[in-house]
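Descriptive analysis of the structure
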Amino acid sequence: MSETPHRNRQQPTVKRPSEDGRTARSRSTRTRITTAATELFTTAGYSSTSIAAIAARAGVSEQSVYYSFGTKRAILTAALDLAIAGDDEPVPTLERPWVRDALADPDPRGQIRRQVAGAADVYRRAAPLLDVVRSAATIDAELAEVWATNLQQRLTVQRIFAEALARKTPLPANMAVDAAADTALAILSPETYHLLVHHQGWAHTRWRDWATNALQRLLTTLP
């Protein structure tokens, strides 16, 4: 039985101690807009979704949408950032706990398991939106740049993982760290996750186990 794809379920905005009422309301409005936009972008498509439709779904005025984001493209990139991170805290990927834990794990198998589990959690939230960006990039030059930046960021993360793995266990004969990073980039890609989970009906846990086994076979000489 396939697992039901997860939408970008965002937690209610919590007022931070340093926020005044206006700032908290602004954050709440932005959250409502990005939540509504995510639902529309991933069901109706980016090109077919209007600012008016986003405002109506969010229960706010069009003026509020323009005031909060300015453009539809800005809404998409904000929604994508939120989906990838899982929150709106300004913490880079490499400083996220799951990344630090994977890099610090002395066991190469443990690193791979944590690395895949973290990527799987990201894609469970963000794969549908990443697919929207990838598709829209063919007709929108600025979204093409967003997609290219995302790809480069993912490659940077995978290279750091590959370097850490190579310090813990030998890579297969003649495999350079760059090749290991490229391999992980392909296996742990949103395209692969979206294809197998959302189109082919794999359970999230099946994809995670498949990716873990694939990386261990391809990037290590471990039995």
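Details of the structure are given in the entry above.
The following paragraphs examine the structure supplied in this document. What you see is a predicted model, and the numbers here were worked out from it, not measured in a lab.

**With respect to the overall build of the protein**
Scanning the protein from N- to C-terminus turns up 10 helices and zero strands. Secondary structure elements of the protein occur, N-terminal to C-terminal, as α-α-α-α-α-α-α-α-α-α. For the protein, the spread of C-alpha atoms along the principal axes amounts to about 60 × 40 × 35 Å. Residues counted as buried form 43% of the 223 residues belonging to the protein. A separation threshold of at least 6 residues defines the contact pool for the protein, and within that pool the share at least 24 residues apart is 67%. Accessible surface for the protein amounts to roughly 11,800 Å². Of this, 52% is attributable to carbon and sulfur atoms. Charge centroids of the protein, computed over 27 positive and 23 negative side chains, lie 4 Å from each other.

**A short note on the layout of surface pockets**
A volume near 990 Å³ is recorded for the largest pocket. Surrounding the largest pocket, 36 residues form its lining, Leu80, Asp81, Ile84, Ala85 and Thr93 being those nearest its centre. Of all the secondary-structure elements, those providing two or more residues to the lining of the largest pocket are helix H1 (21-43), helix H4 (72-85), helix H5 (97-104), helix H6 (108-136) and helix H7 (141-168). Looking at the lining of the largest pocket residue by residue, the classes come out as 18 nonpolar, nine polar and nine charged.

**Some words on the pattern of salt bridges**
Counted by the stated rule, this structure contains nine salt bridges. In this structure, arginine 159 and glutamate 163 form a salt bridge, with 2.1 Å as the shortest nitrogen-oxygen distance. Remark: glutamate 163 and arginine 159 occur in helix H7; sequence separation between them is four residues, near one turn of the helix. Linked through salt bridges whose partners overlap, the residues forming this network are Arg73, Asp140 and Glu142.

**Quick look at the side chain of glutamine 111**
Within the fold, glutamine 111 resides in helix H6. On the basis of relative accessible area, glutamine 111 is assigned to the buried category, the value being 0%. Within the structure, glutamine 111 has its side chain in polar contact with the side chain of lysine 168 (distance 2.7 Å).

The rules behind these values
- Numbering of residues starts from 1 in every chain and runs along the sequence as written.
- With pLDDT at 70 or above as the cut-off, local features in this predicted model cover only qualifying residues; side-chain atom pairs require 80 or more to be listed or tallied, and sums for whole chains, interfaces and linings still use all residues.
- As a convention, hydrogens and water are excluded, and side-chain values are obtained from all of the structure's heavy atoms.
- In DSSP terms, a helix is any run of H or I states spanning at least four residues, a strand is any run of E spanning at least two, and both are numbered starting from the N terminus.
- For every residue, the accessible area (1.4 Å probe, protein chains only) is compared with the maximum for its type, and the residue is labelled buried under 20%, exposed over 50%, or partly exposed between those bounds.
- Two residues form a contact once any of their heavy atoms are found within 4.5 Å.
- Using a 1.4 Å probe, the Shrake-Rupley method yields the accessible areas, and only the shown protein chains count as cover for residues.
- In this charge count, Lys and Arg are treated as positive and Asp and Glu as negative; neither His nor the chain ends contribute.
- To locate a charge, the coordinates of NZ of Lys, CZ of Arg, CG of Asp or CD of Glu are taken.
- Only protein atoms enter the 1 Å grid, on which a cavity is a set of points fitting a 1.4 Å probe that cannot get out and a pocket is an open set with protein on both sides within 12 Å along at least 5 of 7 lines, lining residues being those with an atom within 4 Å of a point.
- Grid points are joined across faces, edges and corners, and a volume is the space filled by probe spheres set on the points.
- Side-chain classes are defined by residue name, with Ala, Val, Leu, Ile, Met, Phe, Trp, Tyr, Cys and Pro counting as nonpolar, Asp, Glu, Lys and Arg as charged, and the others, Gly among them, as polar.
- Take a side-chain nitrogen of Lys or Arg and a carboxyl oxygen of Asp or Glu: if they are within 4 Å of each other, that pair is a salt bridge.
- A 3.5 Å cut-off defines polar contacts: any pair of N or O atoms within that distance qualifies, except that in protein one atom must be a possible hydrogen donor and the other a possible acceptor, and neighbouring residues in sequence count only when both atoms are side-chain atoms.

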